[in-house]
Amino acid sequence: MMDERVVSEEILNAFIDGEIESEDKIEILYHLSENPRLTKRVCELIRTKERLRAAYRSATPDQESTAVSISVNQWKIGRFGYLGGVAASLLVVVLLFGRAPHAPLSEVVLSGQGAIVPTAFHQAEEQAAVRILFHLTSDNPLRMGKLLDDVQLLLDQSQQSTNKMVVEVIANSDGLDLFRSDITAYSDRIHLMSKENNNIRFVACQQTIDRIESGGTGKVHLLPVVERAGSGISQVVERQQQGWSYIQS
Amino acid sequence: MKIVQLFSKSREVRERIIDSRERLFRVAYSWCHDRHHADDLCQETIMTALEKSGQLRSEDALDGWMFRIMQNAYRKSFRRASKQVDVESLEYHMEQEPPAEADVERAEEILQVRASLAQLNESQRMIIALIDIEGMSYKDAAEALEIPIGTVMSRLARARDNLCCLLQESTESEPALKLRQRRGKQRPHLVVKN
């Protein structure tokens, strides 16, 4: 097992950027599962990366819009920003689904048809010693393929290991394309993975779906095996708080 | 046949260069936080890339090559002009009037992150923008900035650490928001005060 001192800041950053080879990645994952301090640091880095990405998504050559503007007099803005947004999203989930604060989100995830369903995955989750979350935000087909390769590798290893494992793949933003039945090139592969393993689940971000649909491009159609969570980022944050190991793809 | 293939390949590259304007702008803006400068930088990059597209050895290297052109242009012309970003001049525009509360919160979040990024030193700002905003691999970022991958890793780690600290500091401060009319234009203008 890797020594804590070996997992430098550079390695942690490379880990969340998907720049670590699969074998080393698994070693780091096991290490993270044993070290809450490192896991917390990974969460901070991921949150920073996501916030940065989101803050410039709307920066386009055309004016962002013209009607109302907000400006900075002091660069410090305060606590009503991102964290408040995440907290608000979580609160919305609780209010919508009447969910107890500490219950796993899997209990309230909607199926592709919008109904609340119990999952075989949830049983596997309770018995799992290792829980791994893959997070996809990119529509790059190479990244999608690599993510599925990594997931398959882990599933194969878990079958040979005594340590039970669950894997969740969550997609938001541009990464949602992986789960869109009219766009994805990986439909058969995802279907097969889901059929052959009860310890994997695919989750789409409802906020991303709503944003796409409100853009006037029509209804978003997901693969039948894909479930929905209210907010992809909230799901990622919650999973990390529950001790899940995280891989950014 | 080979000539036809070469011609169509060249046309594809040129189309890709032109189509990359939005991505170039996003990164350029995150480097200088000035819309006009970012737009100029983008246009200069695209013009240079189109002019020299024949020098490109492989289509796979197009992204790294274009961002290398842009970073050279940035260092030459814009760096001297504005080494320091005027954080207080940052603005974020919203469509609705008056804006919904959720939109104001989102705008605050965006400004908080942009203002924090603007305070990083230039080299950190450039690397973190390429990796996080553009989504480049370390290899492509190394090529774009003409630095070794080891330097990408160490510089990125310092940049993210500093950004984490700046965001943490800003989150701990108490804001006071007020709505005011923008002089002359009679538009509601949200000002964030410490």
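Everything here concerns the structure above.
From a predicted model like this one, the values you see are computed outputs, not experimental measurements. (Residues numbered from 1 in each chain as written. Chains lettered and ligands numbered in written order. Predicted model: local features only at pLDDT ≥ 70, side-chain atom pairs only at ≥ 80, totals over all residues.)

Draft legend 1. Layout of the overall build of chain A. Looking only at helices and strands, chain A features nine helices and six strands. Considering only contacts within chain A whose residues lie at least 6 apart along the sequence, 75% involve residues at least 24 apart. (Helix = DSSP H or I, 4+ residues; strand = E, 2+ residues; numbered from the N terminus. Contact = placed C-beta atoms within 7 Å.)

Draft legend 2. Broad picture of unusual backbone geometry. Residues and elements named next belong to chain B. Non-glycine residue H33 carries a positive phi angle of around 55°. Tracing the chain through its elements places H33 in the loop between α2 (21-32) and α3 (35-51). The phi dihedral of E146 falls on the positive side, at around 55°, and the residue is not glycine. Structurally, E146 is set in the loop between α7 (138-145) and α8 (149-172).

Draft legend 3. Geometry of the environment of A:K146. All names here are of chain A. One can find K146 in helix α6 (residues 141-160). Looking at K146, the number of C-beta atoms within 10 Å reads 14, which means it is partly exposed. C-alpha separation for the pair K146 and G18, spaced 128 residues apart in sequence, amounts to 9.6 Å. (Buried ≥ 20, exposed ≤ 12 C-beta atoms within 10 Å, placed from the backbone.)

Draft legend 4. View of α2(B). Residue and element names in this part refer to chain B. In a regular helix each residue adds 1.5 Å, so twelve residues correspond to 16 Å; α2 covers 16 Å between its end C-alpha atoms and thus fits that length. Burial analysis of α2 places nine of its twelve residues in the buried class, which makes it a mostly covered element. Those residues of α2 that sit buried are L24, F25, R26, V27, A28, Y29, S30, W31 and C32. The first or second residue beyond α2 is H33, which carries a positive phi of 55°. (Expected span 1.5 Å × (residues − 1).)

Draft legend 5. Examining the pairing of strand β5 (residues 226-229) of chain A more closely. Residue and element names in this part refer to chain A. Sheet topology places strand β4 (residues 200-205) next to β5; four bridges connect them, and they run parallel. When the sheet's bridge partners are listed, C205 is paired in β5 with A229. Regarding the hand of the β-α-β motif, the stretch spanning β4, helix α8 (residues 206-214) and β5 is right-handed. (Pairing = 2+ DSSP bridges. Right-handed = clockwise from strand over helix to strand, strands pointing away.)

Draft legend 6. Just the packing of α2(B) against α3(B), in detail. All names here are of chain B. In the contact formed by α2 and α3, the axes pass within 8 Å of each other and the chain directions differ by 135°. By the angle between their axes, α2 is oblique relative to α3. Crossing hand, α2 versus α3: right-handed. Facing R21, L24, F25, A28, Y29 and C32 of α2, the residues of α3 in contact are R35, H37, A38, D39, L41, C42, T45 and I46. Its residues assigned to classes, the contact of α2 with α3 shows nine nonpolar, two polar and three charged. (Axes fitted to C-alpha atoms, helices over the stretch in contact; angles between N-to-C directions. Parallel < 35°, antiparallel > 145°, perpendicular 65-115°, else oblique. Left-handed = near helix turned anticlockwise from the far one by under 90°. Nonpolar A, V, L, I, M, F, W, Y, C, P; charged D, E, K, R; others polar.)

Draft legend 7. Examining the sheet that holds strand β2 (residues 130-136) of chain A more closely. Residue and element names in this part refer to chain A. Pairing is parallel in the open sheet, where five strands are placed in the order β5-β4-β3-β2-β6. The open sheet has two edge strands with one neighbour each: β5 and β6 (245-248). In this sheet, neighbouring strand axes are inclined to one another by 30° on average, regardless of whether the strands run parallel or antiparallel. Looking at chain direction, strand β3 (residues 165-171) and β4 are connected through five bridges and run parallel.

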